[in-house]
Amino acid sequence: MKVLVASPTGLCFGVRRAIEALEATLEERGQVYSLGSPIHNPQEVERLKAKGLVVVDEIDQVPPGVTLFIRAHGVSPQVFREALRRCGEVIDGTCPFVRKAQERAMVLSDEGYPVLIVGDGEHPEVKGILGFVNGFAAVVPHRGRLEEGLNGRRFQKVGVLSQTTQKLEVFSDVVKALVGIVPEVRVYNTICSATLERQRAVCELASSVHGIVVMGGRNSANTRKLYQIALESGAQAVWIEHPDELDYGWLADKGSIGLAAGGSTPDWLIRELIERLEKL
């Protein structure tokens, strides 16, 4: 079977940077607490737990004096201040692209703009960005929810930015709609370049293979979007979390397979999947 791997694929810069920092700290300290899962991949989290990682959901679950890791998604200023107060050491793994989105939200807010974030309101990255806004802020998942996000209000100006893993088309649709109803729209495109490159790679791959396997954690937003893009591009596609989920019956009539992986899928899982496919 011919296997074509999307380029780029797998760990993005921000996640790789964060995991490398976490692993180095685990080597030095032996035990590190993480506020939320450090990576949206259960297999990688289990590997890190074996090295001494302890994952907690809330800051008040962190024992005083321990070493705390802030994942690539970042946190609100309030949570970060509490982490500094409570912990003996804080390792900040916030992705630089997420940091940029946080800073943009703060600038818009400080300059008096109501802030709209195009993204998933339940995602930890978005929750963290919201913490940088003083004043009106709303999260809009797509154009169809725009009026709901504006809460029936008619603003004279609005600032808009995006969750870093958002689809460009979704962000653009919201911006276009805003331009039609708000006199002044200030836009910051905070979708990270790694996300855009991976989405474009899947689009290009779709026309060259008989099917696409997308691998990544079920709780990975960017993996979900890669899978959606593969389907929207007309490809037969499946989404698996790890190689053991691969349906060999689905592969039976396909001479070529494309492989794409979310930005939180570790290299070792990708290599394992490639090896299995190449043996068919």
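The structure under discussion appears in the preceding block.
On a predicted model such as this, the values are computed, not experimentally measured, just so you know.

**Student:** Kindly report on the nonpolar core, identifying the contributing residues and their values.
**Tutor:** Formed by 19 residues in total, the largest nonpolar core has its most connected members in V15, L22, L26, I39, L48 and F69. Counting residues per element, the ones that place at least two in this core are α1 (13-29) and α2 (42-49). Looking at which element gives the most residues to this core, the answer is α1, with 5 residues. Core analysis: the second largest hydrophobic core is formed by 18 residues, L116, V160, V174 and L178 among them.

**Student:** Before we move on, could you go through the layout of surface pockets and cite the residues and values that matter?
**Tutor:** Approximately 330 Å³ is the volume found for the largest pocket. What lines the largest pocket is a set of 14 residues, among which D57, R71, V75, P124 and K127 lie closest to the centre. Split into classes, the residues belonging to the lining of the largest pocket amount to 5 nonpolar, 4 polar and 5 charged. Roughly 220 Å³ of volume is contained in the second largest pocket. Forming the walls of the second largest pocket are G119, D120, P141, H142, Q163, Q166, K167, V170, A221, R224, K225 and Q228. If you tally residues by element for the lining of the second largest pocket, the top one is helix α9 (residues 221-232), at 4 residues. Of the residues contributing to the lining of the second largest pocket, the split by class is 3 nonpolar, 5 polar and 4 charged.

**Student:** Quick rundown of the packing of α1 against α2? Include the residues and the values.
**Tutor:** Interhelical geometry of α1 versus α2 gives an angle of 20° and a closest axis separation of 11 Å. The angle between α1 and α2 places the two elements in the roughly parallel class. Of the residues in α2, those in contact with I19, L22, E23 and L26 of α1 are E44, R47 and L48. The residue makeup of the contact of α1 with α2, split by class, is 4 nonpolar, no polar and 3 charged.

**Student:** If you had to explain empty space enclosed by the protein to someone new, which residues and values would you point to?
**Tutor:** With the rule as written, the count across this model stands at 1 cavity of 30 Å³ or more. Within this model, the largest cavity holds a volume of roughly 370 Å³. In this structure, the largest cavity is lined by 29 residues; those nearest its centre are C12, V15, H73, T165 and N222. Looking at the lining of the largest cavity, the elements with two or more residues in it are α1, α4 (96-110), α8 (193-206) and α9.

**Student:** Which residues make up the pairing of strand β9 (residues 184-187), and what values do they have?
**Tutor:** Regular strands show a simple pattern: their side chains alternate between the two faces of the sheet. Bridge count for strand β8 (residues 157-162) against β9 is 4 bridges, and the pairing is parallel. Bridging across to β9, K157 finds its partner in E184. As a crossover connection, the stretch from β8 through helix α7 (residues 168-181) into β9 is right-handed.

**Student:** An account of α9 is needed here, citing residue identities and associated values.
**Tutor:** Given a rise of 1.5 Å per residue, 12 residues ought to cover 16 Å, and the 17 Å separating the end C-alpha atoms of α9 matches this to within 8%. On the buried face of α9, the contacting elements are α8, β10 (212-215), β11 (237-240) and β12 (256-261). Downstream of α9 by a residue or two, G234 has a phi angle that is positive, lying close to 90°.

**Student:** Describe the pairing of strand β5 (residues 89-92), listing the residues and the values that go with them.
**Tutor:** For strand β4 (residues 67-70) and β5, the ladder comprises 4 bridges, and the chain directions are parallel. Bridging from a neighbouring strand, L68 pairs with V90 of β5. The parallel pair β4 and β5 is bridged by helix α3 (residues 77-86), and the resulting crossover is right-handed.

**Student:** Describe the sheet that holds β10, naming the residues involved and giving the relevant values.
**Tutor:** Picture the strands of a sheet paired through backbone hydrogen bonds; they go either parallel or antiparallel. Taking strand neighbours across the sheet as the criterion, the 4 strands line up as β1-β12-β10-β11 in an open arrangement whose pairing is parallel. Two strands close off the open sheet at either side, each with one partner strand: β1 (2-5) and β11. When strand polarity is set aside, the average angle formed by the axes of neighbouring strands in this sheet is 25°. The sheet contacts of helix α11 (residues 267-278) involve β1, β10, β11 and β12, and relative to β12 the element is tilted by about 175°.

Definitions and limits used
- Residues numbered from 1 in each chain as written.
- Predicted model: local features only at pLDDT ≥ 70, side-chain atom pairs only at ≥ 80, totals over all residues.
- Heavy atoms only, no water.
- Core = buried A, V, L, I, M, F, W, Y, C linked by side-chain atoms within 4.5 Å.
- Buried < 20%, exposed > 50% of the residue type's maximum accessible area, 1.4 Å probe, protein only.
- Helix = DSSP H or I, 4+ residues; strand = E, 2+ residues; numbered from the N terminus.
- 1 Å grid on protein atoms, 1.4 Å probe; cavity = no way out; pocket = protein on both sides within 12 Å on 5 of 7 lines; lining within 4 Å.
- Points joined across faces, edges and corners; volume = space filled by probe spheres on them.
- Nonpolar A, V, L, I, M, F, W, Y, C, P; charged D, E, K, R; others polar.
- Axes fitted to C-alpha atoms, helices over the stretch in contact; angles between N-to-C directions.
- Parallel < 35°, antiparallel > 145°, perpendicular 65-115°, else oblique.
- Contact = heavy atoms within 4.5 Å.
- Pairing = 2+ DSSP bridges.
- Right-handed = clockwise from strand over helix to strand, strands pointing away.
- Expected span 1.5 Å × (residues − 1).

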